[in-house]
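# Secondary and tertiary structure notes
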Amino acid sequence: MPLDPIFSDAIIFASLLALLSIGLTLTYLTTRVPNFAHASFATIGVYIALVTTRIWDSTPYIAIPIAFVISGIVAVALYTFILKPLIRKGASQAIQMVATLAFDLIVIALLNIFADYIVKTYQVTSREFTLRSYDVEFMGLPLIVFAAPITIAILAITLHIVLRKTKFGIAMRAATENSDLSGIVGINVKLIFGVAWLLGGGIAGIAGALMSLWFQGDPSLGPQLIPSIFAASIVGGFFSIYGAIAGGLLVGLTEVLGTRFLAGEFGSWLIAYRPLIPLVFIVVTLLLAPRGLAGINWSRLRRHGSRK
Amino acid sequence: MVLENEIVFIVDLLAIFAIYLIVNLSLNMEFGYAGIPNFGKVLAVGAGAFVAASIPGRIFANIAGIEGDYIENNLAIVSEINVWLVDNIGIGFVVFFLTLGIAAVVGGGLGLLTSFPAIRLRGDYLAISLLAFGESIRIIGNNFTPLVGGTLGVQVPDPLSFLPGELRFPIATVGLILIAIVVYVFCEKMIRSPLGRMLRAVRDNEVAAESLGKNTTQIRIKIIMVSAALAAIAGALYAFYVGGTIAIAYDRASWTFWPFLMILIGGLANNKGVIIGTLLFVTLRKFIIFFKDSFQEYVPFDVVWLDFLLLGIILLAVLLYRPRGIFVEKPTPTIDVNGKSTGLKKIFNFFFK
């Protein structure tokens, strides 16, 4: 089946953006602080995939659960050791944002140190590497083209069931909606927020592990992705998981296919300006519908989340 | 006369200090006094540097009648301009200050443009959109060649080229420090004016300020514009000082993250704290760079990352254990209306009171 690689590119990028946006939204719902280190959680996943493939000589797919656990733990560390004390001390939201930026810097530095270490110890390329050739072929296409959307579907259904049907999920929704009140009725808010951060970071780790199979991995991947992830979350409305998925798919598809279309119309010099597309999304969304997709289309379906 | 290594070290340190001081004072005005988390500071600084890289050179080339494509033959044209500037000191300075003015206007305009979509929303939306805008400056600079030569960068003409080689940097540094002092005085005056009081009122309780008839959106836009204009001047000065601009140098770490680190170490909403924080940080950074090579053999990775790690940890520690910085924000005395204090005393009060 001949398929223009641009479509694989679009499908994978959009799926990964949706995954990252889900994670960001989950963490944002709990502490109401946009986590600027979120993209670097994905970079951790990329490096775990590198280790499983090139050093352990295994398949990159093994990295998915490991990345979930490690990125999740890093996210919980950010929440427990930095954001929680800051919130307790009454730091403003802006200070918390600066703290996530600082944490991002530390993670990027550690990733760079790790990358240098891998090169020196195992003689494995650890910058601007790709694991594309290690992917399995399925129906004439790399497996990742199917794996990425399927992962979103599985995660979305699981999250939906957990949040709607289980006692824990209902407690989580209550805690994000009004943490003081849910504390009074006996919900362990701190634990629930911790789990939300674990899930958020973990999902970003999964996205990173998948990303390594198609895109170039580099310690600076995080800063490059951040505008796209935030654009996806803002388009999605920042308060709704479904909005995050829709926003991620929309921004991701537009970024890849839109650039291709415009480059075809106006010339290939436009390709370099692709990173400006998320910016356009942010501006248009904030001007026209500041509450994002979730604020327009899904207002009746969305019972959890929005405070307004 | 050949300058000693130590003097070169100190001269460079002071110049970078002066430039960062301007950026940090402008950020402190925004973040410290007005509570606007501008994570896109790099945008204004970069814009200023890009103005300095693209405009004065073309003006000089026009006046001096130097032919050729400014970007393509940049090296040759700029060296010709520098030779020409030796005999045209006056024009050099006029264009230099004109460039600073243009940089301020462009910076202020960009501030207005970038704050517009999100200024009415909550702070985090503003922070995110400013951050995204800040990322864009590098992308545009890197790809739009006529601006700053894309990935190759361009040279910036040197209005001080009439000075002998070893005197150029010390005198440039003195000039930078003078400009930084002017900016400091401007910021202090502004903070002590009724406008500054209103800023703090908006930061501390927006609803209360609004209920007293203050237009909080307008004041926030205004302060973003002023602060962006100052940062753009700093960017232009930096470009003139180092004598070149390359888009890749305007990244988030150097011109957004470090300024936040410096003002948080020194003390938010305290301009004296900003001076101390900037001096501490710039000195630390300079020493790290200076001693980097001697560390290199002991660690199996590039020492640059140790530097990042250290600074990130310092910032987190400051946030957690000394959230108000070295100098805590004090009640700001307004300008003395009686005006009885004499000249010297005034200056003393200004800096130490």
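If you're wondering where the values come from, they're calculated on a predicted model, not measured in any experiment.

About the criteria used
Along each chain, residue indices are assigned from 1 in the same order as the chain's sequence is written. By the order in which they are written, chains take letters starting at A while ligands take numbers starting at 1. For a predicted model such as this one, the threshold for reporting local features is a pLDDT of at least 70, and the threshold for listing and counting side-chain atom pairs is 80 or more; totals across whole chains, interfaces and linings nevertheless cover every residue. Helix and strand labels come from DSSP, where a helix needs a run of H or I of at least four residues and a strand needs a run of E of at least two; each type is numbered from the N terminus. It is over C-alpha atoms that the radius of gyration is taken, and the globule rule equals 2.2 Å times the number of residues to the power 0.38. As a rule, residues whose C-beta atom has 12 or fewer other C-beta atoms within 10 Å are exposed, those with 20 or more are buried, and those in between are partly exposed; C-beta atoms are placed from the backbone. Our contact criterion uses C-beta atoms placed from the backbone: two residues qualify when those atoms are within 7 Å. The quantity called pLDDT is the predictor's confidence in a given residue, expressed from 0 to 100. Each nonpolar core comprises buried Ala, Val, Leu, Ile, Met, Phe, Trp, Tyr and Cys residues, the members being joined through C-beta atoms within 7 Å. Interaxial angle, 0 to 180 degrees, is taken between N-to-C directions of lines fitted to C-alpha atoms, where a helix line uses only the stretch in contact. In what follows, roughly perpendicular refers to angles from 65 to 115 degrees, roughly parallel to angles under 35, roughly antiparallel to angles over 145, and oblique to any angle outside these ranges. Take the far helix as the reference: if the near one is turned anticlockwise from it by less than a right angle, the crossing is left-handed, and if turned clockwise, right-handed. Side-chain classes are defined by residue name, with Ala, Val, Leu, Ile, Met, Phe, Trp, Tyr, Cys and Pro counting as nonpolar, Asp, Glu, Lys and Arg as charged, and the others, Gly among them, as polar. Given a helix with a known number of residues, its expected span is that number minus one, times 1.5 Å. In this analysis the local bend is the angle between axes fitted, respectively, to the seven residues ending at and the seven residues starting at the residue. The directions from the helix axis to the C-beta atoms form the arc being described.

## Quick notes on the overall build of chain A
A count of helices and strands for chain A gives twelve helices and two strands. Order of helices (α) and strands (β) in chain A, N terminus to C terminus: α-α-α-α-β-β-α-α-α-α-α-α-α-α. In summary, chain A has a C-alpha radius of gyration of 19 Å against a globular reference of 19 Å for 308 residues, a match within 12%. The C-alpha extent of chain A, read off along each of the three principal axes, is 55 × 45 × 35 Å. For chain A, the residues scored as buried account for 53% of the 308 residues in total. Considering only contacts in chain A between residues 6 or more positions apart, those separated by 24 or more positions represent 76%.

## Topic: the overall build of chain B
Across its full length, chain B carries 14 helices and two strands. Radius of gyration (C-alpha) of chain B: 21 Å, near the 20 Å computed for a compact globule of 353 residues. When the backbone C-alpha atoms are referred to their principal axes, chain B occupies close to 60 × 50 × 45 Å. Here chain B, with 353 residues, has 44% of them falling under the buried criterion. Long-range contacts, defined here as pairs at least 24 residues apart, represent 80% of the contacts in chain B between residues at least 6 apart.

## Focus on the confidence of the model for chain B
Within chain B, residue pLDDT values average 84, and 93% of them lie at 70 or more. Least confident of the elements in chain B is helix 14 (residues 343-352) of chain B, whose mean pLDDT is 64; most confident is helix 10 (residues 216-242) of chain B, at 91.

## Here we look at the nonpolar core
Among the nonpolar cores identified, the biggest contains 211 residues, and B:Ile19, B:Ala232, B:Ile233 and B:Ala236 are the most heavily contacted of them. What B:Ala236 contacts, discounting residues up to four positions off in sequence, is B:Gly48, B:Ala49, B:Val51, B:Ala52, B:Thr99, B:Leu100 and B:Ala103.

## Describing the packing of helix 4 (residues 93-122) of chain A against helix 11 (residues 252-266) of chain B
Axis separation between helix 4 of chain A and helix 11 of chain B bottoms out at 11 Å; the angle between their running directions is 120°. With respect to each other, helix 4 of chain A and helix 11 of chain B are oriented oblique. By crossing handedness, the relation of helix 4 of chain A to helix 11 of chain B is classed as left-handed. Every residue of helix 11 of chain B that contacts helix 4 of chain A at A:Val98, A:Leu101 and A:Leu105 is listed here: B:Ala253, B:Phe257, B:Phe260 and B:Leu264. For the contact of helix 4 of chain A with helix 11 of chain B, the per-class residue count stands at seven nonpolar, no polar and no charged.

## Some details on the interface of chain A and chain B
Tallying the contact residues gives 41 residues for chain A and 36 residues for chain B. Looking at the side of chain A that touches chain B, the elements that each hand over two or more residues are helix 3 (63-88), helix 4, helix 9 (221-236) and helix 11 (277-288) of chain A. At 19 residues, helix 4 of chain A tops the list of elements feeding residues into the side of chain A that touches chain B. In the side of chain A that touches chain B, the residues fall into 36 nonpolar, two polar and three charged.

## Comments concerning helix 12 (residues 271-296) of chain B
All names here are of chain B. For helix 12, which comprises 26 residues, the first-to-last C-alpha distance of 37 Å matches the rise-based estimate of 38 Å (1.5 Å per residue) to within 8%. Considering bend angle alone, the principal kink of helix 12 is centred on Phe290 and spans about 40°. Every buried residue of helix 12 is listed here: Asn271, Gly273, Val274, Ile275, Gly277, Thr278, Phe281 and Val282. Buried residues in helix 12 make contact with helix 1 (5-33), helix 7 (165-192) and helix 11.

## Quick word on the environment of A:Thr31
Residue and element names in this part refer to chain A. On the secondary structure map, Thr31 appears in helix 1 (residues 5-31). Between the alpha carbons of Thr31 and Phe193 there is a distance of 7.8 Å; along the sequence they are 162 residues apart. The residues contacting Thr31, other than those within four sequence positions of it, are Leu83, Ile87 and Phe193.

## Looking at the confidence of the model for chain A
Averaged over every residue, the pLDDT of chain A is 83; residues scoring 70 or more account for 94%. Confidence, expressed as mean pLDDT per element, reaches its minimum in chain A at helix 12 (residues 292-296) of chain A with 70 and its maximum at helix 3 of chain A with 90.

## Notes on unusual backbone geometry
With a phi close to 55°, A:Arg32 is a non-glycine residue in the positive phi region. Its location among the elements puts A:Arg32 in the loop between helix 1 and helix 2 (38-55). A positive phi angle is found at B:Ala269, which is not glycine, with a value near 55°. Within the secondary structure, B:Ala269 sits in the loop between helix 11 and helix 12. For B:Ala269, a count of 25 C-beta atoms within 10 Å gives the class buried.

## Re the environment of B:Asn270
Residue and element names in this part refer to chain B. Counting through the fold element by element, Asn270 comes out in the loop between helix 11 and helix 12. On the basis of neighbour counts, which here come to 24 C-beta atoms within 10 Å, the residue Asn270 falls in the buried class. Along the backbone, Asn270 and Ile326 are 56 residues apart, and their C-alpha atoms lie at a distance of 9.7 Å. Residue contacts for Asn270: discarding those within four places in its chain leaves Phe327, Val328, Glu329 and Lys330.

## Focus: helix 6 (residues 167-177) of chain A
For helix 6 of chain A, the complete set of buried residues consists of A:Met172, A:Ala175 and A:Thr176. Considered in projection along helix 6 of chain A, the buried side chains sweep an arc of 95° and stay on one side of the axis.

## Section: the packing of helix 2 (residues 41-64) of chain B against helix 3 (residues 74-87) of chain B
Residue and element names in this part refer to chain B. Between helix 2 and helix 3, the shortest axis-to-axis distance is 10 Å and the interhelical angle comes to 65°. Here helix 2 and helix 3 pass one another in a crossing that is left-handed. Between helix 2 and helix 3, the residues in contact are Gly57, Phe60, Ala61 and Ala64 and Ile77, Val78, Ile81 and Trp84, respectively. Broken down by class, the residue content of the contact of helix 2 with helix 3 amounts to seven nonpolar, one polar and no charged.

## A word on the environment of B:Gly267
Residue and element names in this part refer to chain B. Take Gly267: it is sitting in the loop between helix 11 and helix 12. Distance in space between the C-alpha atoms of Gly267 and Gly325 is 3.8 Å, their sequence separation being 58 residues. In this structure, Gly267 is in contact with Gly273, Arg324, Gly325, Ile326, Phe327, Val328 and Glu329, ignoring residues within four places of it in sequence.

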